[in-house]
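# What the coordinates show
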Amino acid sequence: MGRLGEFINIDPFQDKRGMLKKIIKKSQLPDSSEVGEVYLLYSNQNSVRGNHYHKNTFEYFTVICGKAKVALKDLSQGVREEFYMSADDNVVLKIPPYMVHAFNNEYIDPLIILAVSSKEYSESDTDTYIEEIL
């Protein structure tokens, strides 16, 4: 996978009942950050999510089902990259402020992504700045 963003490896616990994946631990959050919201993204084939960045929000993404084409662009360096993520990768992608991010489902099967945000969404202060990269 890529060099932009930060990948947090997940070490799933597995037994005869199935599997448990811890997505975010308090120790992995930036100092003074808290979890503002947790949500699931459901994306149909050829649907793009994101194409934006935040100035004050950290976000964490992991694929639950399907496969995502991911595009990232670091605004401070102007560097851009693309790669794929699936549930089998056992990683969480940490997106810091000023990192443009986008996810595309190129496949027939639905794409489900679990997202954790350090800031609760507010229509009066979205902290969302559009920049199309995918």
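Now for a quick tour of the structure. (Residues numbered from 1 in each chain as written. Predicted model: local features only at pLDDT ≥ 70, side-chain atom pairs only at ≥ 80, totals over all residues. Heavy atoms only, no water.)

To continue, consider the sheet that holds strand S12 (residues 129–130). Sheets are built from strands paired through backbone hydrogen bonds, the pairs being either parallel or antiparallel. Strands sit in the order S8-S7-S10-S5-S12 across an open sheet of 5 strands; the sheet is antiparallel. A single partner strand is all that each edge strand has here, and the edge strands are strand S8 (79–86) and S12. Here strand S7 (residues 67–74) pairs with S8 via 8 bridges, running antiparallel. Each bridged residue has a counterpart across the sheet, and for Lys 69 the counterpart in S8 is Tyr 84. (Pairing = 2+ DSSP bridges. Helix = DSSP H or I, 4+ residues; strand = E, 2+ residues; numbered from the N terminus.)

So, about the pairing of strand S5 (residues 47–53). As judged from the 5 bridges shared by S5 and strand S10 (residues 99–105), these two strands associate in the antiparallel manner. Counted as the bridge partner of Gly 50 is Ala 102 from S10. Relative to S12, S5 runs antiparallel, the two being bridged by 2 bridges. Looking across to S12, one finds that Tyr 53 is bridged to Tyr 129.

Moving on, we come to the packing of aromatic side chains. Evaluation of the coordinates by the stated rule reveals 4 aromatic pairs. Ring pairs connect the aromatic residues Tyr 53, Tyr 98 and Tyr 129, which therefore count as one cluster. Positioned over the ring face of Tyr 129 is Lys 55, at 4.4 Å from the centre of the ring. (Phe/Tyr/Trp six-rings, centres within 6.5 Å; stacked < 30°, edge-to-face > 60°. Lys NZ or Arg CZ within 6 Å of the ring centre and 35° of its normal.)

Assignment of secondary structure puts Asp 88 in the loop between S8 and strand S9 (91–95). Among the residues examined, Asp 88 registers a relative accessible area of 70% and is labelled exposed. Residues Asp 88 and Cys 65, spaced 23 residues apart in sequence, show a C-alpha to C-alpha distance of 9.0 Å. (Buried < 20%, exposed > 50% of the residue type's maximum accessible area, 1.4 Å probe, protein only.)

Read from one edge to the other, the open sheet built from 5 strands follows the order S1-S9-S6-S11-S4, with strand pairing classed as antiparallel. Unpaired on one side and paired on the other, strand S1 (6–9) and strand S4 (37–43) mark the two borders of the sheet. Ignoring strand direction, the axes of neighbouring strands in this sheet form an average angle of 25°. Bridge count between S1 and S9: 4 bridges; the pairing is antiparallel. In the strand pairing of S9, Phe 7 is matched with Leu 93. (Axes fitted to C-alpha atoms, helices over the stretch in contact; angles between N-to-C directions.)

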